[in-house]
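# Chain and residue survey
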Amino acid sequence: TRSTRPQRLLRAVQKKAIKGDPQSVISTIDYFCRHSEWAMNVGDEKGAILDSVVCEVSPSTALELGTYCGYSTVRIARLLPPGTKLITLEFNPDYAAVARQIIEYSGLQDKICLVEGASGDLIPKMQELFGIKTFDFVFLDHWKDRYLPDIKLLEECQLLRKGSILLADNVICPGTPDYLEYVRNSPRT
Ligand code: SAM
Ligand code: MG
């Protein structure tokens, strides 16, 4: 059978990137997406914004919703202070399998916990699974109709504190009006 796009992306990384070099993994994926096939990772331009936010926040606890092939996961994890782990959630087992290999290839596996499952099921387990009290930083990049329910769930589970930084991709295009209205009007942000 024909390979999938994530598998082709993984093959490009294994063929062209330097093992143990996160920057080279990122550049290889950017090159693949520019010249071979579009893929739904955050990409280089928005990736630079993500980088600057991660550096500024320098989080001790970080959560990513939507791993896909692990591009943004590697991007975030390479900038985390020593001792910080990034928890990333992905419910598609095929994507998770590819992401695991890309993370390993980048050499950042000790900084990343990839958990396979749906955000709605896993968010309530963060305390129990990882002893997380609150997240300093959350990157939302999963399905857009989950942004609002998952932010509410994070609040319900008391996983956000005053000053937690939420960064959300695709809030303008394709758009998440309910999420934007909620965070803009929340007294907590
Ligand atoms: N953050 C990735 C990057 O920039 O490299 C791209 C993520 S892609 C846009 C969205 C991913 O979220 C898909 O792989 C999808 O399977 C996953 N996803 C969507 N809804 C989810 C949910 N409720 N829980 C876990 N994963 C979810
Ligand atoms: Mg996105």
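Before reading on, note that the structure itself is shown above.
Described below are features of the structure shown in this document. On a predicted model such as this, the values are computed, not experimentally measured, just so you know. (Residues numbered from 1 in each chain as written. Chains lettered and ligands numbered in written order. Predicted model: local features only at pLDDT ≥ 70, side-chain atom pairs only at ≥ 80, totals over all residues. Heavy atoms only, no water.)

## Quick word on the layout of surface pockets
In this structure, the largest pocket encloses a volume near 500 Å³. Every residue lining the largest pocket is counted, 31 residues in all, and those nearest its centre are Met40, Gly66, Asp141, His142 and Trp143. Ranked by the residues each element gives to the lining of the largest pocket, the list is headed by helix α6 (residues 119-122), at three residues. Considering only residue class, the lining of the largest pocket consists of 13 nonpolar, 11 polar and seven charged. (1 Å grid on protein atoms, 1.4 Å probe; cavity = no way out; pocket = protein on both sides within 12 Å on 5 of 7 lines; lining within 4 Å. Points joined across faces, edges and corners; volume = space filled by probe spheres on them. Helix = DSSP H or I, 4+ residues; strand = E, 2+ residues; numbered from the N terminus. Nonpolar A, V, L, I, M, F, W, Y, C, P; charged D, E, K, R; others polar.)

## Some details on helix α10 (residues 177-185)
Tyr179, Leu180 and Val183 are the residues of α10 that are buried. All buried residues of α10 fall inside an arc of 95° around its axis, so they share one side. Seen from the buried face of α10, the exposed residues on the opposite side, beyond 90 degrees, are Pro177, Glu181 and Asn185. (Buried < 20%, exposed > 50% of the residue type's maximum accessible area, 1.4 Å probe, protein only. Arc of directions from axis to C-beta.)

## Things to note about the coordination of the magnesium ion (ligand 2)
Coordination of the magnesium ion (ligand 2) by the protein comes from Asp141 (OD), Asp169 (OD) and Asn170 (OD1), over a distance range of 2.1 to 2.2 Å. For the magnesium ion (ligand 2), the donor residues sit on a single chain with the sequence spacing D-x27-D-N. Taken together, the positions of Asp141 in the loop between β4 (135-140) and α8 (147-156) and Asn170 in the loop between β5 (160-168) and α9 (171-175) put the pair 29 residues apart, joining distant regions of the chain. (Donors = N, O, S within 2.8 Å, 3.2 Å for Na, K, Ca; no water.)

## So, the packing of helix α1 (residues 5-16) against helix α5 (residues 93-106)
Across the interface, α1 lies against α5 with an axial gap of 10 Å and an inter-helix angle of 10°. What the angle tells us is that α1 and α5 run roughly parallel. Across from Pro6, Gln7, Leu9, Leu10, Val13 and Gln14 in α1, the residues of α5 making contact are Tyr95, Val98, Gln101, Ile102 and Tyr105. Partitioning the contact of α1 with α5 into residue classes produces eight nonpolar, three polar and no charged. (Axes fitted to C-alpha atoms, helices over the stretch in contact; angles between N-to-C directions. Parallel < 35°, antiparallel > 145°, perpendicular 65-115°, else oblique. Contact = heavy atoms within 4.5 Å.)

## Comments concerning the site of ligand 1
Lining the immediate environment of ligand 1, one finds 21 residues, of which Val42, Gly66, Ser72, Glu90 and Asp141 sit closest. Taking Ser72, its side chain carries an N or O atom lying 2.7 Å from a nitrogen atom of ligand 1. Contact with the protein chains removes 97% of the 610 Å² of surface that ligand 1 exposes when unbound. When atoms are counted within 2 Å of each cavity's grid points, the one that captures over half of ligand 1 is the largest pocket. Residue composition of the shell around ligand 1, by class: nine nonpolar, eight polar and four charged. (Near = heavy atom within 4 Å. Polar contact = N/O pair within 3.5 Å; in protein donor to acceptor, adjacent residues only side chain to side chain. Areas by Shrake-Rupley, 256 points an atom, 1.4 Å probe, with all protein chains shown as cover. Sits in = over half its atoms within 2 Å of the grid points.)

## Section: the pattern of salt bridges
The tally for this structure, following the rule as stated, stands at 10 salt bridges. The closest approach of N and O atoms between Asp169 and Lys46, which form a salt bridge, is 2.7 Å. Within this pair, whereas Asp169 is found in the loop between β5 and α9, its partner Lys46 is found in helix α3 (residues 43-57), the two being separated by 123 residues in sequence. On the accessibility criterion, Asp169 (8% relative accessible area) is buried. The salt bridge partner of Glu116 is Arg100, with a shortest N-O separation of 3.9 Å. Here Glu116 is found in strand β3 (residues 112-116), whereas its partner Arg100 is found in helix α5, with 16 residues between them in sequence. With a relative accessible area of 42%, Glu116 lands in the partly exposed category. By sharing partners, the salt bridges in this structure join Asp44, Asp51, Arg75 and Arg78 into a single network. (Salt bridge = Lys/Arg side-chain N within 4 Å of Asp/Glu carboxyl O.)

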